[in-house]
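# Coordinates in review
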Amino acid sequence: MRIPIGVWVESAVEWLKDNMSGLFTFIKIGLGQVIDFFEMIFTLLPFVVMLIIIVLLALRTAGIKAAIFALLGLLLVYFTDLWTPSMETLAMITTATLIALVIGIPLGILMAKSNHANKIIRPILDFMQTMPSFVYLIPAVYFFGLGTVPGTIATIIFAMPIVKLTDLGIRQVPKEVVEAASAFGATPFQKLAKVQLPLAMPTMLAGLNQTIMLSLSMVVISAMIGAEGLGKIVLKGIPQMKIGQGFEGGLAVVIVAMILDRITQCFGNMNKKSGSVFVKEYRKKKARRS
């Protein structure tokens, strides 16, 4: 006897389509406006201005080597006429990452604070991250049509490691520093905002880095359902066997990925130098012991 899982899924999808089409339309319009906003900023700013901003950011966070790489890499992207597709890709990644953070950080905090929530949310996340990424394209297109919006939604679903790493970071905060904050009269919100989150921030920023990298890995896949950007350049080269065009698009994706990777990796190291009074006192005691 065959279990009709596919039939059940199709019935659920049809019910959602019939009863929640207004919500999907609202999400499509709202998300499209956010993507268009970032795309407008990234594309309207002159190339030189964007170049200076990114290079200075790389210099400030990752050092001179990363800044030189960003300078040379972005110049290469510009002079291969891939600057506009790169900014379109960056707009989609920025949108997907911000939404993943808005959804993921509260979920991670909830998982850290409640074992019951952890037992419910963790299997769902495991399912989402192990499911082949192509599978997300089907419902995304069905609910939102073709274009950048369904590609961004598929990217958000696939790239949610920030939830687990937020949970992990908070759970790894030493109990003694939390107890010290309680002794100072800190409320639960103050303990979370001034102790747990600052100490968990390096782990959370590692989750941010993974989220961005996974978002970039979806660029070409999202292009299959009409998403703009570098993925579309690579995808065009496949049916026409234009190896050079595909290589140029892929190289631009690698350059953007490496720049974002270097910058976000160093955010965690910079954060270790900051923190609240409770965190600084704990770090001083820990340094004395060692």
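As shown above, the structure is provided for reference.
Calculation criteria
- Residues numbered from 1 in each chain as written.
- Predicted model: local features only at pLDDT ≥ 70, side-chain atom pairs only at ≥ 80, totals over all residues.
- Heavy atoms only, no water.
- Patch = residues over 30% accessible without salt bridge, like charges linked within 9 Å, V, L, I, M, F, W, Y side chains within 5 Å.
- Areas by Shrake-Rupley, 256 points an atom, 1.4 Å probe, with all protein chains shown as cover.
- Salt bridge = Lys/Arg side-chain N within 4 Å of Asp/Glu carboxyl O.
- Helix = DSSP H or I, 4+ residues; strand = E, 2+ residues; numbered from the N terminus.
- Buried < 20%, exposed > 50% of the residue type's maximum accessible area, 1.4 Å probe, protein only.
- Phe/Tyr/Trp six-rings, centres within 6.5 Å; stacked < 30°, edge-to-face > 60°.
- Lys NZ or Arg CZ within 6 Å of the ring centre and 35° of its normal.
- Expected span 1.5 Å × (residues − 1).
- Contact = heavy atoms within 4.5 Å.
- Core = buried A, V, L, I, M, F, W, Y, C linked by side-chain atoms within 4.5 Å.

### As for a nonpolar patch on the surface
- Taken together, Val48, Ile52, Leu56, Leu59, Ile64, Ile68, Leu71 and Leu72 make up a surface patch of nonpolar side chains, about 720 Å² in accessible area.
- Secondary structure elements with two or more residues in the nonpolar patch: α3 (47–62) and α4 (64–79).
- Inspection of the secondary structure assignment puts isoleucine 64 in helix α4.
- Classification of isoleucine 64 by relative accessible area gives exposed; the value is 54%.

### Here we look at the packing of aromatic side chains
- Counting across every chain of the model gives 9 aromatic pairs.
- On the basis of an interplanar angle of 15 degrees and a centroid distance of 3.9 Å, the ring pair of phenylalanine 47 and tyrosine 78 is categorised as stacked. Of the two residues, phenylalanine 47 is situated in helix α3 and tyrosine 78 in helix α4; the sequence distance between them amounts to 31 residues.
- The exposure class assigned to phenylalanine 47 is buried, which follows from its relative accessible area of 13%.
- Using a relative accessible area of 34% as the deciding quantity, one classes tyrosine 78 as partly exposed.
- Ring geometry for phenylalanine 47 against tryptophan 83: centres 4.8 Å apart, planes inclined by 90 degrees, an arrangement best described as edge-to-face. Of the two residues, phenylalanine 47 sits in helix α3 while tryptophan 83 sits in helix α5 (residues 83–113), which places them 36 residues apart along the sequence.
- Among the residues examined, tryptophan 83 registers a relative accessible area of 8% and is labelled buried.
- The aromatic ring of tyrosine 142 is capped on one face by lysine 17, whose charged end is 5.4 Å from the ring centroid.

### Points about unusual backbone geometry
- Positive phi values are uncommon outside glycine, yet aspartate 81 reaches one of about 60 degrees.
- Mapped onto the secondary structure, aspartate 81 falls in the loop between α4 and α5.

### Digging into helix α6 (residues 115–130)
- Helix length check: α6, at 16 residues, gives a terminal C-alpha distance of 22 Å against a target of 22 Å (1.5 Å per residue), a fit within 8%.
- Those residues of α6 not exposed but buried are Ala117, Asn118, Ile121, Leu125 and Met128.
- Looking at the buried residues of α6, the elements they touch are α5, α7 (133–144), α8 (148–158) and α9 (161–171).

### Description of the nonpolar core
- Counting 36 residues, the largest nonpolar core has Phe42, Trp83, Leu216 and Ile259 as its most contacted members.
- Contributing elements (two or more residues each) for this core: α2 (21–44), α3, α4, α5, α11 (188–217), α13 (230–237) and α14 (243–271).
- Tallying contributions element by element places α14 first for this core, with 8 residues.
- With residues near it in sequence (within four places) discarded, tryptophan 83 still touches Phe42, Phe47, Met50, Leu74, Val77 and Tyr78.
- Judged by nonpolar contacts, the second largest core, of 25 residues, contains Ala112, Ile170, Met204 and Met218.

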